[in-house]
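If you want the building blocks of each chain, they are given just below.
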Amino acid sequence: MSCFASSTRNIYSTSSSLPPVASNNPIVFSFTKDEYGTASVDFVLLAIPLFLPILLFLNQFSTLSNSELVARTLVRESLRAYVTAPNNDVAPSRAWQVMTIGGRAEGLTEVQISALDISYECSATPCISPNGRIRATLKMPLPKQDRVVTAQAEEYVSPWQDRKSTRLNSSHRCISY
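Overview of the structure. (Residues numbered from 1 in each chain as written. Predicted model: local features only at pLDDT ≥ 70, side-chain atom pairs only at ≥ 80, totals over all residues. Heavy atoms only, no water.)

Some details on the environment of alanine 81
Now for step 1: For alanine 81, the position within the fold is in helix α2 (residues 38-83).
Now for step 2: Overall, the relative accessible area of 9% leaves alanine 81 in the buried class.
Now for step 3: When neighbours within four sequence positions are excluded, alanine 81 is seen to be in contact with Arg94, Ala95 and Val98. (Helix = DSSP H or I, 4+ residues; strand = E, 2+ residues; numbered from the N terminus. Buried < 20%, exposed > 50% of the residue type's maximum accessible area, 1.4 Å probe, protein only. Contact = heavy atoms within 4.5 Å.)

See below:
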């Protein structure tokens, strides 16, 4: 026999030291009713105030992440167009054209596209010269926010690319692609 056998009492006994509840009192009776469905009410009352800030944070985070992805794509593609341009005269307009078309493809409005600010830093003069390094920096203001997303890309001009062969001279009558 266990040493705890004598000190245990039956927890399922019907006798209690509490006085009986008066069942004719409506206030007491309403609290002693079945509590079916209270867990869902408690969940709604507690979970919504806790989940609402999380949902707002995730919405802001996804908007910012998408804007950064769009900015990186636009700066990379516009710099690629800049580097592959035949000369320094057409490179900025070619890069802006690619950025405008890419911005529309990414879902930016005309106002957002016109607010884009891109700058180029070149390691050599002229900018498009063999073995030259070009770095582009794009600043994209976010609509309805006081934030500016900044993205950078860097490309090298091919050392084997001859820029003279891409210019038109008198022997070229027609260029076909």
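Focus: the state of the cysteines
Now for step 1: Counted according to the given criterion, the structure contains one disulfide.
Now for step 2: The disulfide partner of cysteine 122 is cysteine 127, and the S-S distance across this bridge is 1.5 Å. Looking along the S-S bond of the cysteine 122-cysteine 127 disulfide, the torsion reads about -70°, which is the left-handed sense.
Now for step 3: Overall, cysteine 122 belongs to the partly exposed group, its relative accessible area being 36%.
Now for step 4: Looking at cysteine 127, the relative accessible area reads 9%, which means it is buried. (Disulfide = S-S within 2.5 Å.)

Details of unusual backbone geometry
Now for step 1: With an omega of 0°, the peptide bond between threonine 125 and proline 126 qualifies as cis.
Now for step 2: Of note, proline 126 is situated in the loop between β1 (117-122) and β2 (133-141).
Now for step 3: Phi at asparagine 131 is positive, roughly 65°, even though this residue is not glycine.
Now for step 4: In this structure, asparagine 131 sits in the loop between β1 and β2.
Now for step 5: Note on asparagine 131: relative accessible area 55%, which makes it exposed.
Now for step 6: Phi angles above zero are rare outside glycine, and lysine 144 is one such case at about 65°.
Now for step 7: Looking at where lysine 144 falls in the secondary structure, it is placed in the loop between β2 and β3 (148-156).

So, the packing of aromatic side chains
Now for step 1: This model, assessed by the stated rule, comprises two aromatic pairs.
Now for step 2: Between phenylalanine 57 and phenylalanine 61, the ring centres sit 6.1 Å apart and the planes meet at 20°, which makes this aromatic pair stacked. Placement of the pair is phenylalanine 57 and phenylalanine 61 together in helix α2, with a separation of four residues, close to one helical turn. (Phe/Tyr/Trp six-rings, centres within 6.5 Å; stacked < 30°, edge-to-face > 60°.)

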